[in-house]
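Notes for the structure review
Each chain, written out:
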Amino acid sequence: MEKSTADHSLVEIENLIEAFSPEFDSIESSGIKSFLSKLKHVVTNNNTLILKTIKDLIPLNFFVDDYQRGYKWLPQQVSELLNDIHEFSLGGEDFYCLQPVVVKHHNPESTGERGRWELIDGQQRMTTVYMILSYLDNDKYSIDYRTRKGSSEFLSNHLKHSIDSKDWDDFLEKYTNRDSHEASLDNVDNYHFYTAYKVIHNWFSNEKRFSSGSAKDRWLDKLLDHTKVIWYAAREGSESLDKQQSIDVFMRINSGKIPLTNAELIKALFLHAVTDNQSNELALLQQSEMSQQWDAIEHGLQDDEFWAFLNTSAKSINQSSRIEYLFNILSNKPNSSSKKDVSTQDKFYAFNFYNNKLRDSDNLRCAVLELWHEIKQSYYRLLEWYKDDELYHLTGFLITRGVYSVDKLWKLAENKKKSIFVLDLKEIISKELHKYFKSDDTNKPDKEGNQNKLDFSSIGYETKNRQKIISLLILLNISVHRNNKTRLSFKTYRELSWDIEHIHAQRSKPLNDKAEAASWYGDQLSIIKELGIPSEGVTKLKDALNKWNDVRNSDLSLSPDLHKEYLVVLADVVGEFKEEDENALDNLCLLPASVNRGIGNKIFPIKRQEVIKYEKGGAFIPGATKYVFSKYYSESVSQMHKWSSEDRTEYKKALIGCFKYYGAMEGLA
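**With respect to the overall build of the protein chain**
Helix and strand counts for the protein chain come out as 30 helices and nine strands. In the protein chain, which comprises 669 residues, the proportion classed as buried is 49%. Pairs at least 24 apart in sequence give 74% of the contacts found in the protein chain among residues at least 6 apart.

**Let's talk about the packing of aromatic side chains**
Tallied over the full model, the rule gives 47 aromatic pairs. On the basis of an interplanar angle of 55° and a centroid distance of 6.3 Å, the ring pair of F306 and Y379 is categorised as tilted. With a gap of 73 residues between them, F306 in helix α13 (residues 304–310) and Y379 in helix α17 (residues 364–387) connect regions that are remote in the sequence. When sorted by exposure, F306 lands in the same class as Y379, which is buried. In this arrangement the basic side chain of K52 is found over the ring face of W117, its NZ or CZ atom lying 5.9 Å from the centre.

**Section: the pattern of salt bridges**
Evaluated as defined, the whole model comprises 20 salt bridges. The partner of K418 in a salt bridge is D388, and the shortest N-O contact between them spans 2.7 Å. In this pair, K418 sits in helix α20 (residues 418–436) while D388 sits in the loop between α17 and α18 (389–400), placing the two residues 30 residues apart along the sequence. In this structure, the salt-bridge partner of K607 is E501, at a minimum N-O distance of 2.7 Å. In this pair, K607 is assigned in helix α28 (residues 604–616) and E501 in strand β8 (residues 498–502), connecting sequence segments 106 residues apart.

**Concerning the nonpolar core**
The biggest cluster of nonpolar side chains holds 108 residues, and the ones touching the most others in it are F270, F437, Y651 and F659. It is α17 that contributes the most residues to this core, 10 residues altogether. For F659, the contacting residues outside a window of four places in its chain are L433, F437, L472, L585, M665 and L668. Judged by nonpolar contacts, the second largest core, of 55 residues, contains L82, L136, L155 and F210.

**Points about unusual backbone geometry**
The phi torsion at D137 lies on the positive side, around 55°, for a residue other than glycine. Within the secondary structure layout, D137 lies in the loop between α5 (123–135) and β6 (142–145). With a relative accessible area of 63%, D137 lands in the exposed category. Positive phi outside glycine occurs at K485, with the angle close to 60°. For K485, the position within the fold is in the loop between α21 (466–484) and α22 (490–495). K485 gets classed as exposed once you look at its relative accessible area, which sits at 72%.

**Overview of the confidence of the model for the protein chain**
Taken over all residues, the pLDDT of the protein chain has a mean of 80, while the share at 70 or more is 73%. Every residue in residues 236–241 scores below 50 in pLDDT, and together they form eight contacts with partners more than four places removed in sequence or on other chains. Scored below 50 in pLDDT, residues 337–344 shows 15 contacts in the model against residues more than four places distant or in partner chains.

**Focus on the environment of S439**
Its location among the elements puts S439 in the loop between α20 and α21. The exposure class of S439 is buried, given its relative accessible area of 8%. A sequence separation of 16 residues divides S439 from D455, and the C-alpha atoms of the two residues are 5.1 Å apart.

**Side note on helix α9 (residues 213–226)**
Compared with an ideal rise of 1.5 Å per residue, which puts 14 residues at 20 Å, α9 spans 19 Å between its outermost C-alpha atoms and is within 8% of the ideal. Buried within α9 we find A215, W219, L220, K222, L223 and L224.

Criteria and thresholds
- Residues numbered from 1 in each chain as written.
- Predicted model: local features only at pLDDT ≥ 70, side-chain atom pairs only at ≥ 80, totals over all residues.
- Heavy atoms only, no water.
- Helix = DSSP H or I, 4+ residues; strand = E, 2+ residues; numbered from the N terminus.
- Buried < 20%, exposed > 50% of the residue type's maximum accessible area, 1.4 Å probe, protein only.
- Contact = heavy atoms within 4.5 Å.
- Phe/Tyr/Trp six-rings, centres within 6.5 Å; stacked < 30°, edge-to-face > 60°.
- Lys NZ or Arg CZ within 6 Å of the ring centre and 35° of its normal.
- Salt bridge = Lys/Arg side-chain N within 4 Å of Asp/Glu carboxyl O.
- Core = buried A, V, L, I, M, F, W, Y, C linked by side-chain atoms within 4.5 Å.
- pLDDT = per-residue confidence, 0-100.
- Expected span 1.5 Å × (residues − 1).

This is the structure:
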């Protein structure tokens, strides 16, 4: 029997038992009574994790116990639920999946009563759906609120005509007699019921949305037959159903207000399926082994360095149930956020994927073990990428920079030796680099007749190139780690906000007042004194600076010209570039934004001192940036006070050499 058929049968049996529970007590045969009692126990405790349509829930009775808070949904949340169901597009066996509903069955407390389901989690959604069904005059399940006296009274007897009141005070004035028991209608639960019901009324009254009665009928059909909940029946070790057990389950689910995740639901699905309704020794052993392996994978994914290596977004680094990442990959969950895409509307896409897989299997235990083996293998593959330094840097760059998704790399690696996979990864990065450096003049061939020319100057310091430049400089930093046999921390690079820093920037700006001029004068004296400038250069700088200083307080008309003269001498001593050269890639490096803001637009020797100071203070400075300011790439380090054209040439060679590691870069110059 297919799992879907079995699930449907369980729901039908459960609903029949609920409907005829009062009649069971009138049966005289103790044997039949015992049989019915056992059957009821099997049904209410065995369907631990199944999908139920809203229509399946209509015969049931629910209650919200007094340990829970009351109804609190705001108008926006009610509208979102209505809109989500409305925008869901039907097709084939598609359905809209609500959040899980966690319940626990309670037997009748006395003869003649039907059993009840305690809503441990899901009361907000279930109550809202109840009010929608009420508004559309459809049959509905019952909900008894024990949180506040009068809440159940309002839902049962006053909800429908509350929309006739212009506001809450008007309703209370019309329907509450303060000398009678109905004074209890004035409570916070009822106020939120009233507000939500008004939203439902206004939403369905939109003539553009519902131009005819048949449109509402189609919407109701979508709600009843194509909207499902993940029914999660809390199973206890004994038949004791005391309140403390419910409170414990409620607190676990709602601690931090985190709902049940796909991972929790899939785990329950798998552990239940591996026993296949059997309790023999082998089944229990396999269940225990799966549980231990599950925990080991979760523990492995809690390594933040591993997790950052797998993700493109810093926001996802603290995801609590990280094993869900594997399920999303293996289920081919779409990344699109388009509401026209049915699959992206399903918050429980991965759970439904695996539920359908198991539903269609002939041998449930074999099917779940095969699926679990696939999940384990997927984890070990990602772990191999992470543990191997070469694969780590290649795949990590492509993933974290958003060049290639994990699922695409996954398919690329299928049935390939590591050496072939490495070549494929390098080729992907090489193609990306060719796109970055593609010459604007592609129709004009180079000396060898190649029309696919590359041009080093085609990428520079402009806003549109920001992310490309960061990617290129990360590749340079990866090469530093690769050569040193260390690993770049994608976690560190993920957590920091990056700026693209000019290695040398000399921009003159007008000195607007005496205080600013005095401060600038002090800075220049420090430069001349502390930067190891040759004596000939020191003399030139002092002469030009003193010449400006002598007149700045006496003849303001001469001051700007003498200021410019000093800057010309300074540029000659410490280096100067044309503006277009200043913005070229070989004058750029990476710095954390906080460090860059502290340094500003200063000349090379000042920046060098500032970078050293920040690193000594605990700031993270990328390896390639430290290499630049220590002149590691330069042939000569005799002029530490100057970032010369020769230094830039050597730095450019290092950049191009780094890029050539991934493939031929002919013409890049």
